[in-house]
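Given next are the chains, with one letter for each unit.
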Amino acid sequence: MANIKCIGILTSGGDAPGMNAAIRAVTRTAIYNEMEVKGIYRGYRGLVTGEIVPFKTNNVSNIIQQGGTILKTARCMEFMQLEGRKTAYETIQREGIDALVVIGGDGSLTGARIFAQEYNIPIVGLPGTIDNDLFGTDTTIGYDTALNTIMECVDKIRDTASSHERLFFIEVMGRDAGFLALNGALAVGAEAAIIPEIWTEVDQLEELIEHGFRKSKNSSIVLVAESEITGGAMGMADRVKQRYPQYDVRVTILGHLQRGGSPSATDRILASRMGAAAIDALMEDQRNVMIGIQNDQIVYVPFSKAIKNDKPINRDLLHTLRILSI
Ligand code: F6P
């Protein structure tokens, strides 16, 4: 068993509901296993500036239900430079931290991978992002809550869409990944999802129109993944306005409200299991792996695989969406 006495924990990149549940699980599992825990504030910036606080069990009381992250988060430019990472390593040594748990998305785990290659420090990652775009895990912490938020918002938009008989393009987050758009579209009964994964294969707008779009309906909802390639909801709406001026088109960009709110039960349970698994992994001498979940089993995914940016979208869902929108 690895001789780890002190764990440092940080959250980095975009916040995601369930990060607090993960912080709680990591902290309490580590303390249960007689380790010390140190909370590092503002992501990697806290390692550079030394903003670090000892965590006891009561530091993580009453947070499982809270969105955001009590450790704060940041996208840290200094840590992207060699000099910044050197300072971070010096902080780790000074604080007596033996291993790190990093909760974040692909950018944060990329940082962890580089750091672990340069310095001899065991790091375990937890997939904390609403985007669900990390390879090797069926889902990520925050994704389920964000999907539910999208569903609630779009249900409301549907009321006004149908009253005014309008076509709504609704942009959802995902940073070039279509998971929120595609599954969100299924959840709200949308006419279509415009996603970047199939951008080069088909003109999704033409396909939508060709497939009898609005033939029997007065109003329509289309979810669009944010992305430069899709042009987002604004880009789609502009194209429709120019080519099909008969449609009364509106755009809603859901934006950062998708990242907030109390985590769903699914995200709390996922974050709790993954947080506990991070400590188990470190005790088993694992390093430079992300905790994933596949078919309800915890798995260890090497950082190199997790961040490759090629998590496949389930194409059967696109087909199902098309059938259900006739
Ligand atoms: O990575 C999570 C995410 O919410 C993306 O979906 C989105 O593109 C990005 O963060 C937004 O980042 P910021 O909060 O810096 O605007």
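See the structure shown above.
Residues numbered from 1 in each chain as written. Predicted model: local features only at pLDDT ≥ 70, side-chain atom pairs only at ≥ 80, totals over all residues. Heavy atoms only, no water.

In this section: the overall build of the protein. Within the protein, the regular secondary structure consists of eleven helices and eleven strands. The C-alpha radius of gyration of the protein comes to 21 Å, within 12% of the 20 Å expected for a compact globule of 326 residues. Projected onto its principal axes, the C-alpha coordinates of the protein cover approximately 65 × 35 × 35 Å. Put simply, 76% of the contacts in the protein that link residues at least 6 apart link residues at least 24 apart. For the protein, the exposed surface amounts to about 14,200 Å²; the carbon and sulfur share of it is 49%. Of note, the protein has its 33 positive side-chain charges centred 3 Å away from the centre of its 39 negative side-chain charges. (Helix = DSSP H or I, 4+ residues; strand = E, 2+ residues; numbered from the N terminus. Rg over C-alpha atoms; globule rule 2.2 N^0.38 Å. Contact = heavy atoms within 4.5 Å. Areas by Shrake-Rupley, 256 points an atom, 1.4 Å probe, with all protein chains shown as cover. Lys, Arg positive; Asp, Glu negative; His and termini not counted. Charge placed at Lys NZ, Arg CZ, Asp CG, Glu CD.)

Near the ligand, the surroundings consist of Arg 75, Asp 131, Met 173, Gly 174, Arg 175, Glu 226, His 256 and Arg 259. At a separation of 3.3 Å, an oxygen atom of the ligand approaches a polar side-chain atom of Arg 175. For the ligand, the cavity whose grid points lie within 2 Å of the majority of its atoms is the largest pocket. Classifying every residue of the shell around the ligand by side-chain character gives one nonpolar, two polar and five charged. (Near = heavy atom within 4 Å. Polar contact = N/O pair within 3.5 Å; in protein donor to acceptor, adjacent residues only side chain to side chain. 1 Å grid on protein atoms, 1.4 Å probe; cavity = no way out; pocket = protein on both sides within 12 Å on 5 of 7 lines; lining within 4 Å. Sits in = over half its atoms within 2 Å of the grid points. Nonpolar A, V, L, I, M, F, W, Y, C, P; charged D, E, K, R; others polar.)

This paragraph deals with the sheet that holds strand 1 (residues 6-11). Taken in spatial order, the seven strands of this open sheet run 3-2-1-4-5-10-11, and their pairing is mixed. In the strand order of this sheet, the two ends are held by strand 3 (52-55) and strand 11 (297-302), each with one partner. On average, each strand axis in the sheet is inclined to that of its neighbour by 30 degrees, with strand direction left out of account. Alignment of strand 1 against strand 2 (residues 36-40), held across four bridges, turns out to be parallel. Counterpart to Cys 6 in the pairing with strand 2 is Glu 36. (Pairing = 2+ DSSP bridges. Axes fitted to C-alpha atoms, helices over the stretch in contact; angles between N-to-C directions.)

The calculated volume of the largest pocket comes to roughly 540 Å³. If you go around the largest pocket, you meet 29 residues; those closest to its centre are Gly 13, Arg 75, Gly 107, Ser 108 and Arg 175. Here the lining of the largest pocket takes six residues from helix 4 (residues 106-118), the largest share from any one element. Along the lines of polarity and charge, the residues of the lining of the largest pocket split into nine nonpolar, eleven polar and nine charged. (Points joined across faces, edges and corners; volume = space filled by probe spheres on them.)

With that settled, the discussion passes to helix 1 (residues 19-32). Between the first and last C-alpha of helix 1 there are 20 Å, a value that for 14 residues agrees with the 20 Å anticipated at 1.5 Å per step. With ten of 14 residues buried, helix 1 lies mostly within the body of the structure. The complete set of buried residues in helix 1 reads Met 19, Asn 20, Ala 21, Ala 22, Ile 23, Ala 25, Val 26, Thr 27, Thr 29 and Ala 30. One or two positions beyond helix 1, positive phi appears at Glu 34, with a value near 65 degrees. (Expected span 1.5 Å × (residues − 1). Buried < 20%, exposed > 50% of the residue type's maximum accessible area, 1.4 Å probe, protein only.)

Across the sheet, four strands lie side by side as 7-8-6-9; this open sheet has parallel pairing. Of all the strands in the sheet, the pair left with one neighbour each is strand 7 (192-194) and strand 9 (249-253). Put simply, the sheet's adjacent strands are angled 25 degrees from each other on average, direction ignored. Of the pairings in the sheet, the one linking strand 7 to strand 8 (residues 220-225) comprises three bridges and is parallel in character. Directly across from Ala 192, in strand 8, lies its bridge partner Val 222.

Here we come to unusual backbone geometry. One non-glycine residue, Asn 62, adopts positive backbone phi at about 55 degrees. Looking at where Asn 62 falls in the secondary structure, it is placed in the loop between strand 3 and helix 3 (82-95). In this structure Asn 62 comes out as exposed when scored by relative accessible area, which is 61%.

Now for the packing of aromatic side chains. Each aromatic ring pair is described using two quantities: the centre-to-centre distance and the angle formed by the ring planes. Counted by the stated rule, this structure contains five aromatic pairs. With centroids separated by 4.5 Å and ring planes inclined at 15 degrees, the aromatic side chains of Tyr 89 and Tyr 119 adopt a geometry described as stacked. Of this pair, Tyr 89 sits in helix 3 while Tyr 119 sits in the loop between helix 4 and strand 5 (123-127), and the two are 30 residues apart along the sequence. Comparing Tyr 89 with Tyr 119 shows no difference in burial state: the two are buried. Both rings, one in Phe 115 and one in Tyr 119, keep their centres 5.5 Å apart while their planes meet at 55 degrees; by these two values the pair is tilted. Comparing Phe 115 with Tyr 119, the two get one shared label, buried. An aromatic cluster is built from Tyr 44, Phe 79, Tyr 89, Phe 115 and Tyr 119, whose rings are joined through pairwise contacts. We note Lys 311 situated over the ring of Phe 179; from NZ or CZ to the ring centre the distance is 5.3 Å. (Phe/Tyr/Trp six-rings, centres within 6.5 Å; stacked < 30°, edge-to-face > 60°. Lys NZ or Arg CZ within 6 Å of the ring centre and 35° of its normal.)

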